[in-house]
Every structure is written in C-alpha cells, then in structure tokens.
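Coordinate analysis (summary)
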Amino acid sequence: MLKTNLEEVKDNIQTTCQNANRNIEDVTLICVSKTKPKEMIEELYEGGMRDFGENKVQELRDKYEALPKDITWHMIGHLQRNKVKYIAPFISLIHSVDSERLAKTISDEAIKNNRTIDILLEVNVAKEESKFGFDIDELSEKIEIISKYPNISIKGLMTIAPYVPNPEENRIFFAKLYQLCVDINEKNLDNVKMSELSMGMSNDYEVAIEEGSTMVRVGTSIFGERIYKKL
Ligand SMILES: *Cc1c(COP(=O)(O)O)cnc(C)c1O
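Given the structure is predicted, the values throughout are model-derived calculations rather than measurements.

Another point: helix α3 (residues 57-66). One full turn of an α-helix is made of 3.6 residues, so residues set three or four places apart face in the same direction. Buried within α3 are the following residues: Val 57, Leu 60 and Lys 63. Looking straight down α3, one finds its buried side chains confined to an arc of 135°; they lie on one side. Buried residues in α3 make contact with α2 (38-46), β2 (51-54), β3 (72-75) and α4 (84-87).

All right, on to the site of the ligand then. All residues in the neighbourhood of the ligand are listed as Val 32, Lys 34, Ile 76, Ile 160, Met 201, Ser 202, Arg 217, Val 218, Gly 219, Thr 220 and Arg 226. Between the ligand and Gly 219 there is a distance of 2.8 Å, counted from an oxygen atom to a backbone nitrogen or oxygen. For the ligand, whose accessible area on its own is 390 Å², the fraction buried by protein is 89%. Within the shell around the ligand, the residues separate by chemical class into 5 nonpolar, 3 polar and 3 charged.

Applying the stated criterion across every chain, the model contains 12 salt bridges. In this structure, the salt-bridge partner of Lys 10 is Glu 7, at a minimum N-O distance of 4.0 Å. A residue pair is termed a helical-turn pair when its members lie 3 or 4 positions apart in one helix, as Lys 10 and Glu 7 do in helix α1 (residues 2-19) at 3 residues. Of the residues examined, Glu 7 reaches a relative accessible area of 41% and is grouped as partly exposed. Of the charged contacts, one joins Lys 104 and Asp 108 as a salt bridge, the two residues approaching to 3.1 Å between their closest N and O atoms. With a gap of 4 residues between them, Lys 104 and Asp 108 both fall in helix α5 (residues 100-112), about one helical turn apart. Take Lys 104: its relative accessible area is 35%, and that puts it in the partly exposed class. Residue Asp 108 is classed as partly exposed on the basis of its relative accessible area of 31%. Among the charged side chains, a network of salt bridges with common partners joins Glu 168, Arg 171, Glu 210 and Glu 211.

The subject of this paragraph is the side chain of Asp 51. Relative to the elements of secondary structure, Asp 51 occurs in strand β2. Put simply, Asp 51 is tucked away with no salt bridge, and the nearest opposite charge, on Arg 50, sits 8.1 Å away. Reaching out from Asp 51, the side chain makes a polar contact with the side chain of His 74 at a distance of 2.7 Å. Apart from the residues within four sequence positions on either side, Asp 51 is in contact with Thr 28, Leu 29, Ile 30, Cys 31, Thr 72 and His 74.

With that out of the way, let us pick up the pairing of β3. For β2 and β3, the ladder comprises 4 bridges, and the chain directions are parallel. Bridge pairing links Asp 51 to Thr 72 in β3. Handedness of the crossover is the feature at issue here: the chain leaves β2, passes through α3, returns alongside β3, and the resulting connection is right-handed. The sheet contact formed by β3 and strand β4 (residues 93-97) spans 2 bridges and is parallel. Residue Met 75 lies in a different strand from β4, and its bridge partner there is Ile 94.

Take the nonpolar core next. Within the largest apolar cluster, 65 residues are counted, with the highest numbers of intra-cluster contacts made by Ile 94, Ile 119, Leu 121, Leu 157 and Ile 222. When residues no more than four places from it in sequence are discounted, the contact partners of Ile 94 are Met 75, Leu 79, Ile 87, Ile 106, Ile 117, Asp 118, Ile 119 and Leu 120. Within the second largest apolar cluster, 5 residues are counted, among which are Ile 30, Leu 120, Met 158 and Met 215.

About the cut-offs
Residues numbered from 1 in each chain as written. Predicted model: local features only at pLDDT ≥ 70, side-chain atom pairs only at ≥ 80, totals over all residues. Heavy atoms only, no water. Buried < 20%, exposed > 50% of the residue type's maximum accessible area, 1.4 Å probe, protein only. Helix = DSSP H or I, 4+ residues; strand = E, 2+ residues; numbered from the N terminus. Arc of directions from axis to C-beta. Contact = heavy atoms within 4.5 Å. Near = heavy atom within 4 Å. Polar contact = N/O pair within 3.5 Å; in protein donor to acceptor, adjacent residues only side chain to side chain. Areas by Shrake-Rupley, 256 points an atom, 1.4 Å probe, with all protein chains shown as cover. Nonpolar A, V, L, I, M, F, W, Y, C, P; charged D, E, K, R; others polar. Salt bridge = Lys/Arg side-chain N within 4 Å of Asp/Glu carboxyl O. Lys, Arg positive; Asp, Glu negative; His and termini not counted. Pairing = 2+ DSSP bridges. Right-handed = clockwise from strand over helix to strand, strands pointing away. Core = buried A, V, L, I, M, F, W, Y, C linked by side-chain atoms within 4.5 Å.

This is how it looks when you write it as structure tokens:
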C-alpha cells in the first residue's frame, strides 16, 4: 500500500511539473511521517526516499536515533524554544520559525553545536487566528533582523494553507507566498537568498507546485490517515 501510494504521489508531481513547465528536480517531496512507525519510514527509505518531516521534537529525536543517518530530517511543527536543543545537532531544515526569539534560540544552539542550521520563516498568509507564523506586513522587517543572527541561514518561506474542500481556494495564498519571496529577493539583503518555498500538503500540493512550491509536505496521501492515540 505504502509503495503504491508513494508512486501515485510521485506520478502526480511529475505530471503537474510537466504541465506547469517546471523541472521535477526543483520540487522536493517530503514524506510527513508523524505518528507513523519507523518500519514505514524504513520501507520508504528502501524505496529511495530520504526526506522526512515530523512535527514533534521527542518523536523526531527517537526516529533520528533509530533510523539511518543519511535521512534528511525536516521539522515542520510549532517549535518551543526550550526544545530546540534536542534537535539542533542533526536537524536539516526547520520550516516552522515563527518568531524572532525562536530564530535567536536556534542561532544560539547552532553555535553550541558548531554548525549552521537552515531555516524557513513560517508565514500566516491566510491570516488564520489558529495558525502560527509571521504576518505578511512584518515579514521584511523581521527578515532583516533574523538574517544578522550567526549560524542560521534563511532559505525561504513556509506556509500552512487552510483546510479547504476545493484546493483551488488556496491558489491565491500560494501565489502570494511566491510573490513575497520574489519581493524579498529583490531587496538584495545581505545573507538572504530565498530559494525554497515550502507549501502544499496532501490536499493541495498540485496547486502549490503550479504556484512555485519547491517543497511539498505530504502525509496522508502516502501513509494513510493518522490515528491519534487518546491521552
Ligand atoms: C501534518 C502536516 C502535513 C501533512 O499533512 P497531510 O494533509 O497529511 O499531507 C504537512 N505540513 C504540516 C506542517 C503538517 O503538520
């Protein structure tokens, strides 16, 4: 089931890229493995997948320790500052940087680990109350500040679009995030070269690719529905 699902998602990405005149190499498929067992990750790993996304620090850490070391781990969930230290030694990309204070903490932890940590800034494009992320209006001011912190590198932007029945409804938000990226790059800020746009999930990754996504975060369409254990 896992392999068939994966093939289907990969096929869809390929077709969408072709129709949108985009290069398939410019779109990274991140398998969102949160709540799913290590065995499923291993199966996808054996099929050649290397990019996996998690949203909980403890789970990410456990999976990192148990699984092959050439996996590229993406932190995609809301991150508390006091937990940055647990992922700082190994994380490849933190998609969910939503405050200046969090960026500062990541910078501090990166220094302690003698490495540079790549980050994306999360933008609340749809202005949803329930969502984390910078407001569009404050973004360029914050980027100027954050880009000066040592040992972190801003690679681009990320957004979580609203859950909508028809993915076409999210097209304007994806287009908006793309435009933000272009605008920021035109400012030629020191240390800022926006090249990644993390947008699109199971429900809307095709539309996101058409609007310029370079990283799609797909969970359900690959792994099936998530079952959350009751506490
Ligand atoms: C869970 C999650 C995803 C994957 O969502 P699906 O709808 O299962 O594809 C993508 N991005 C973030 C930030 C998530 O938390």
